[in-house]
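Examination of the molecular architecture
Letter by letter, the chains look like this.
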Amino acid sequence: MSTTPVPVSDQPVLKLLNVESAYGPIRAIRGVSLQVRRGEIGTVLGSNGAGKTTILKTISGIIDPRKGSIEFKGEDITAKDPAFIVQQGLSHVPEGREVFPLLSVRDNLLMGAYTRNDADGVARDIEAVFGYFPILKERASQDAGLLSGGQQQMLSISRALMAKPDLILLDEPSLGLSPKLTKEIFEIVVRINRERGTTILLVEQNANMALNASDYGYVLENGRIVMEDTCARLREKEDIKEFYLGMKEEGQRAERRWKKKKNWR
Ligand SMILES: Nc1ncnc2c1ncn2[C@@H]1O[C@H](COP(=O)(O)OP(=O)(O)OP(=O)(O)O)[C@@H](O)[C@H]1O
Ligand SMILES: [Mg+2]
């Protein structure tokens, strides 16, 4: 596997235009437009219930949008079947990981490769993901349900990689993990992006990790994008520092103010 970074191109690999999705009367995302360029890590930041998971589910075809369009590699994939979308090269690592608990780690990985018929390539890619996450090699024959939360997150990312995707949707990889493990997982996500050239769209409440790992970011509030910029610039914005990056130090007080805040600069 090459260690030469794959350059980011200007070409958007994923494009959402005015996407609106709802659960019955609840409009969870309201006119979301965003792009992820080929080779980059894009991120959507937002607090609880902002609509992050809904965006990813709408992209991968689990939810049909009420309005708007989604383009992947220049093709319209709006409301297409999830299996079709995976075949186009788009893999989704869902919130809460969702591994198959009664299958072994190795069989979980093989499930990720079910659309492929190149057995040699699949075997090579299993070794490649073991290179990223050596613990999975040690546990290869164990039931996935016996893995720790962090290890299940590693398996879930690895399973997505087994489909050889051009784009991976990553839903809150930090959820429920220690800061140390979160950092480790983010470092490997960045390595996967740099070494394999896999484009990534990451949604997170952990703004600190997401802004450090990503190239371009969007801030989502109540189902709407309220700000977008390069992550380098977002990290410098006062609103972001105050309401996301400062949250940890200020605790409850910052959280309350975050909820009240409406005007983004
Ligand atoms: N299955 C559902 N039925 C009804 N409402 C839902 C459903 N799933 C999500 N919602 C609502 O849609 C809105 C967006 O939810 P979503 O799960 O996309 O947020 P999120 O940003 O992923 O939040 P979190 O950070 O907690 O995962 C919320 O108001 C939520 O309550
Ligand atoms: Mg979510």
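Below is a summary of the structure that appears in this document. Position numbers for residues count from 1 along each chain, tracking the sequence in the order it is written. Written order decides the labels, with chains lettered from A and ligands numbered from 1. Only residues with pLDDT of at least 70 are given local features in this predicted model, and only at 80 or more are side-chain atom pairs given and counted; all residues enter the totals for whole chains, interfaces and linings.

Observations concerning unusual backbone geometry
- Non-glycine residue Glu-98 carries a positive phi angle of around 55 degrees.
- By definition, any uninterrupted DSSP run of H or I lasting at least four residues is a helix, any uninterrupted run of E lasting at least two residues is a strand, and each is numbered from the N terminus. By the secondary structure assignment, Glu-98 is in the loop between strand E6 (90–93) and helix H3 (105–112).
- Assessed through the 13 C-beta atoms surrounding it within 10 Å, Glu-98 is described here as partly exposed.
- Even without being glycine, Glu-172 reaches a positive phi, approximately 45 degrees.
- Within the secondary structure, Glu-172 is located in the loop between strand E7 (167–171) and helix H7 (179–196).
- By the C-beta count within 10 Å, which is 22 here, Glu-172 ends up buried. Whether a residue is buried, exposed or partly exposed is read from the other C-beta atoms within 10 Å of its own C-beta, which are placed from the backbone; 20 or more gives buried, 12 or fewer gives exposed, and intermediate counts give partly exposed.

Here we look at the site of ligand 1
- Any residue whose C-beta atom, as placed from the backbone, lies within 6 Å of a molecule or strand is termed near it. Inspection of the region around ligand 1 gives 13 residues, with Tyr-23, Ala-28, Lys-52, Thr-53 and Thr-54 positioned closest.
- Put simply, the parts of the chain that give the shell around ligand 1 at least two residues each are strand E2 (26–37) and helix H1 (52–59).
- The nonpolar class holds Ala, Val, Leu, Ile, Met, Phe, Trp, Tyr, Cys and Pro. Asp, Glu, Lys and Arg form the charged class, and all remaining residues, Gly among them, are polar. Partitioning the shell around ligand 1 into residue classes produces 4 nonpolar, 7 polar and 2 charged.

Description of the nonpolar core
- As used throughout, a nonpolar core is a set of buried Ala, Val, Leu, Ile, Met, Phe, Trp, Tyr and Cys residues joined through C-beta atoms within 7 Å of each other. In this structure, Leu-167, Leu-169, Leu-170 and Leu-201 are the most contacted members of the largest nonpolar core, which totals 65 residues.
- By the criterion used throughout, residues are in contact when their C-beta atoms, derived from the backbone, lie within 7 Å. Look past the residues within four positions of Leu-167 in its chain and what remains in contact with it is Val-13, Leu-14, Val-36, Phe-72, Gly-89, Leu-90, Thr-199 and Leu-201.

Description of the packing of H3 against helix H6 (residues 149–161)
- To obtain an axis, a line is fitted to C-alpha atoms, over the contacting stretch when the element is a helix, and the angle between two such axes runs from 0 to 180 degrees between their N-to-C directions. Contact geometry of H3 with H6 gives a least axis separation of 7 Å together with a crossing angle of 35 degrees. As for how H3 packs across H6, the hand of that crossing is right-handed. For the pair H3 and H6, contact is made by Val-105, Asn-108, Leu-109, Met-111 and Gly-112 and by Leu-155, Ser-158, Arg-159 and Ala-160, respectively.
- By residue class, the composition of the contact of H3 with H6 is 5 nonpolar, 3 polar and 1 charged. Definitions for this section: a left-handed crossing has its near helix turned counterclockwise from the far helix by less than a right angle. A right-handed crossing has that turn clockwise.

Digging into the sheet that holds E2
- Two strands qualify as a pair provided that DSSP identifies no fewer than 2 bridges between them. With antiparallel pairing, the 4 strands of this open sheet are ordered in space as E2-E1-E4-E5. Each edge of the open sheet carries a strand with a single partner, namely E2 and strand E5 (75–76).
- Here strand E1 (residues 12–23) runs beside strand E4 (residues 67–72); their pairing, made up of 5 bridges, is antiparallel. Note that in E4 the partner of Glu-20 across the bridge is Lys-67.
- On top of the sheet, H1 reaches E1, E2 and E4; it is set at about 65 degrees to E2, its chief contact.

Description of the pairing of strand E3 (residues 41–45)
- Burial runs high along E3: 5 of the 5 residues are buried.
- Residues Ile-41, Thr-43 and Leu-45 of E3 are buried on one face, and the alternating residues Gly-42 and Val-44, pointing to the opposite face, are buried as well.
- As paired strands, E3 and strand E8 (residues 199–204) are joined by 5 bridges and run parallel to one another. Residue pairing for E8: Leu-45 is matched across the bridge by Glu-204.
- Two strands pair when backbone bridges link them, and E3 and strand E9 (residues 216–221) are joined in this way by 4 bridges, in the parallel orientation.

Digging into the sheet that holds E6
- Here 6 strands make up an open sheet; going across it, the order is E6-E7-E8-E3-E9-E10 and the pairing mixed. The outermost strands of the open sheet, each flanked by one partner alone, are E6 and strand E10 (224–230). In this sheet, neighbouring strand axes are inclined to one another by 15 degrees on average, regardless of whether the strands run parallel or antiparallel.
- Where E6 meets E7, 4 bridges bridge the pair, whose relative direction is parallel. Residue Val-93 lies in a different strand from E7, and its bridge partner there is Leu-170.
- Strands E3, E6, E7, E8 and E9 of the sheet are contacted by H1, whose axis makes an angle of about 150 degrees with E7.

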